[in-house]
Amino acid sequence: MIGFDEVEAAAARIAGHVQDTPCLASRTLSELVGAQVVLKFENLQFTASFKERGALNRLARLDAAARARGVLAVSAGNHAQGVAWHASRLGIPATIVMPGFTPAVKIERTRAFGAEVVLHGERFDEAWVHGQALAAERGLTAIDPFDDDDVIAGQGTVGIEMLRAHPDLQELVVPVGGGGLLAGIATAVKHLAPHVRVTGVQTERFALVYDALHGTRHPVGAGSIAEGIAVDRLGMRTLPVIRARADDVLLVEEGDIEQAILMLLEIEKTVVEGAGAAALAALLRHRERFRGRRVGLVLSGGNIDPLLLASIIERGMVRSGRLARLYVEVRDVPGALARVAALLAEERANVEEVRHERAFGSIGAQRAEIEIVVQARGPEHVAAVLARLAAAGFAARAG
């Protein structure tokens, strides 16, 4: 297993070439969860992910012959961008193999860094097998996204920076896919501050590391909102380090991650991808475990598809009662819809969408059902709107 010396050497090697990202306390999140919360903004790296740390450390250690032949990486996006960007900086040809589910924003950014992108398969393991064959065929050096000591050491520099910025931390919570980030951070932290508890986070749909540690078995899902940690391969190098140095791995659900993305956007005004929100999702789901503690969360990346982000925002508004669907029964006469709209305006409920149902309704002739999507301030406001409609003689319900 790698030791702290390798992480320390990686920190010196990549210094000045990656960002020493902000590590800041969040007063609002601290109040909400009952813990002292510190956020490590790795989404502010140039490629919007911590992955470039390990990629650069690995690339920097290649000899001249390997650099001339070029490198290959298999990645759902963030490792790809890290390898592509720093390979371009160092003048090393790069080929990136990506599974078909990779968000378009990550594919285009990787190409923009000058790498050749090869899309193959719908699962990571399919892309992985193709990538290994392609590397052997072309004589390229494969840069593993996590299962490589140089990559693990590079990712561990996040832990050094967090403890340097906040030496009083008692907990670090880290997203886990293949485990390179968790293994690296645990290696650094257990050397510098052995009392600090280091906890990994996985989604229930891709719980391989959790299952390996707890002796459980979760079915592997077809996909996850946190595609950056949707890894269905255990690391031969990372897993022993995690067993020896990490304290635990927790599981979160897809809804937890959606909620965390939205909270970080609204509270911290920062955009994170699903994997980047996993640490906060764990803190929200397992609040009692961290209550009263000084907790550092790694926001590992910010490469989220804009359409997915828009969907998450809308779904979050529905869950919080700020976006509501109302069904209002009216007489099918001129002016009925206008009366309903006027009442909504008086209650300051903004209409987003209207559907006026006649032919396919079940309430009888000469009646119509209006389906209205409104923006509201919350559940209490929705209840007030429904009460106002009822007082005006309209049968109305939320749905």
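Provided above is the structure to which this section pertains.
Residues numbered from 1 in each chain as written. Predicted model: local features only at pLDDT ≥ 70, side-chain atom pairs only at ≥ 80, totals over all residues. Heavy atoms only, no water.

Chemist: Would you take a moment to explain the sheet that holds strand β7 (residues 171–175) for this structure?
Modeler: Sheet strands line up and pair through hydrogen bonds in the backbone, either parallel or antiparallel. Spatially, the six strands line up as an open sheet ordered β1-β2-β10-β7-β8-β9, and their pairing is mixed. Either end of the sheet is taken by a strand with one partner, and the two such strands are β1 (23–26) and β9 (248–252). The mean inter-strand angle of the sheet, taken between neighbouring strand axes irrespective of direction, is 30°. Docked against the sheet, helix α9 (residues 180–192) engages β7, β8 (197–203), β9 and β10 (294–299), running at close to 175° with respect to β8. Where helix α13 (residues 278–285) meets the sheet, its contacts fall on β2 (36–41), β7, β8, β9 and β10, and the angle it forms with β9 comes to roughly 85°. (Pairing = 2+ DSSP bridges. Helix = DSSP H or I, 4+ residues; strand = E, 2+ residues; numbered from the N terminus. Axes fitted to C-alpha atoms, helices over the stretch in contact; angles between N-to-C directions. Contact = heavy atoms within 4.5 Å.)

Chemist: Whenever I open this one, a nonpolar patch on the surface confuses me. Can you help?
Modeler: On the surface, a cluster of nonpolar side chains totalling about 200 Å² of accessible area is made up of L337, V351 and V354. Examined against the element boundaries, L337 turns out to sit in helix α16 (residues 336–346). L337 gets classed as partly exposed once you look at its relative accessible area, which sits at 33%. (Patch = residues over 30% accessible without salt bridge, like charges linked within 9 Å, V, L, I, M, F, W, Y side chains within 5 Å. Areas by Shrake-Rupley, 256 points an atom, 1.4 Å probe, with all protein chains shown as cover. Salt bridge = Lys/Arg side-chain N within 4 Å of Asp/Glu carboxyl O. Buried < 20%, exposed > 50% of the residue type's maximum accessible area, 1.4 Å probe, protein only.)

Chemist: Help me understand the pattern of salt bridges in this model?
Modeler: Where charged atoms from two side chains of opposite charge approach closely, those side chains can pair. Inspection of every chain in the model, using the stated rule, returns 27 salt bridges. Across the salt bridge formed by R319 and E258, the nearest N and O atoms sit 3.3 Å from each other. Within this pair, whereas R319 is found in helix α15 (residues 306–319), its partner E258 is found in helix α12 (residues 254–267), the two being separated by 61 residues in sequence. Exposure remark for E258: the relative accessible area of 8% places this residue in the buried category. In this structure, the salt-bridge partner of R291 is E288, at a minimum N-O distance of 2.8 Å. A single salt-bridge network, built from bridges that share partners, covers D20, K40, E42, R53, E161 and R164.

Chemist: Just to check I follow, could you spell out helix α7 (residues 124–138) for this structure?
Modeler: A turn of α-helix holds 3.6 residues, and therefore any two residues three or four places apart point the same way. With 15 residues, α7 should reach 21 Å at 1.5 Å per residue; the first-to-last C-alpha distance of 21 Å fits that figure. Turning to α7, its buried residues number three or more, namely F124, A127, W128, G131, L134 and A135. One side of α7 carries all its buried residues, which in axial view fall inside an arc of 130°. Exposed side chains of α7 directed beyond 90 degrees from the buried face belong to V129, A136 and E137. (Expected span 1.5 Å × (residues − 1). Arc of directions from axis to C-beta.)

Chemist: Just to check I follow, could you spell out the pairing of β9 for this structure?
Modeler: For a regular strand, the rule is simple: side chains alternate between the two faces of the sheet. Judged by how many residues are buried, β9 sits mostly within the fold: five of five residues are covered. Judged by which residues are buried, β9 turns out to be covered on both faces: D248, L250 and V252 on one side and V249 and L251 on the other are all buried. Across five bridges, β8 lies against β9 in parallel orientation. Counted as the bridge partner of T199 is D248 from β9.

Chemist: I keep staring at the packing of helix α1 (residues 4–14) against helix α3 (residues 51–60) and nothing clicks. Help me out?
Modeler: Pairs of packed helices are described in terms of their axes, by the angle between the two and the distance that separates them. Where α1 meets α3, the closest approach of the two axes is 10 Å, and the angle between their N-to-C directions is 90°. It follows that α1 is roughly perpendicular to α3 by the angle criterion. Residue-level inspection shows A10, R13 and I14 of α1 in contact with α3, the latter providing R53, L56, N57 and A60. Considering only residue class, the contact of α1 with α3 consists of four nonpolar, one polar and two charged. (Parallel < 35°, antiparallel > 145°, perpendicular 65-115°, else oblique. Nonpolar A, V, L, I, M, F, W, Y, C, P; charged D, E, K, R; others polar.)

Chemist: Would you take a moment to explain the sheet that holds strand β6 (residues 141–142) for this structure?
Modeler: Reading across the sheet, the four strands line up as β5-β4-β3-β6 and stay open at both edges, with parallel pairing between neighbours. Sheet topology places β5 (116–119) and β6 at the edges, where each strand pairs with a single neighbour. Relative to strand β4 (residues 94–98), strand β3 (residues 71–74) is paired through four bridges, and the arrangement is parallel. Pairing of L72 across the sheet is with T95, part of β4.

Chemist: Quick question: what am I supposed to make of the nonpolar core here?
Modeler: The nonpolar side chains of a soluble globular protein tend to be buried, and buried together. L182 and I185 are the most contacted members of the largest nonpolar core, which has 37 residues in total. Elements with a contribution of two residues or more to this core: α1, α8 (149–165), β7, α9, α10 (208–214), α11 (238–245) and β9. Top element by residues in this core is α9. It accounts for seven residues. Contact partners of I185, with chain neighbours within four places excluded, come to Q155, G156, V158, G159, L172, V174, V198 and V298. (Core = buried A, V, L, I, M, F, W, Y, C linked by side-chain atoms within 4.5 Å.)

Chemist: Would you mind showing me how to read the packing of aromatic side chains here?
Modeler: For any pair of aromatic rings, the description rests on two quantities: the centre-to-centre distance and the angle between the ring planes. Scanning the model with the defined rule gives three aromatic pairs in all. Ring centres 4.6 Å apart and planes at 45° place the aromatic pair F46 and W85 in the tilted group. With F46 in the loop between β2 and α3 and W85 in helix α5 (residues 78–90), this residue pair connects regions lying 39 residues apart in the sequence. F46 gets classed as partly exposed once you look at its relative accessible area, which sits at 47%. The class for W85 is partly exposed, based on a relative accessible area of 23%. A centroid spacing of 5.7 Å and a plane angle of 50° characterise the contact between W85 and F113, whose relative ring orientation is tilted. (Phe/Tyr/Trp six-rings, centres within 6.5 Å; stacked < 30°, edge-to-face > 60°.)

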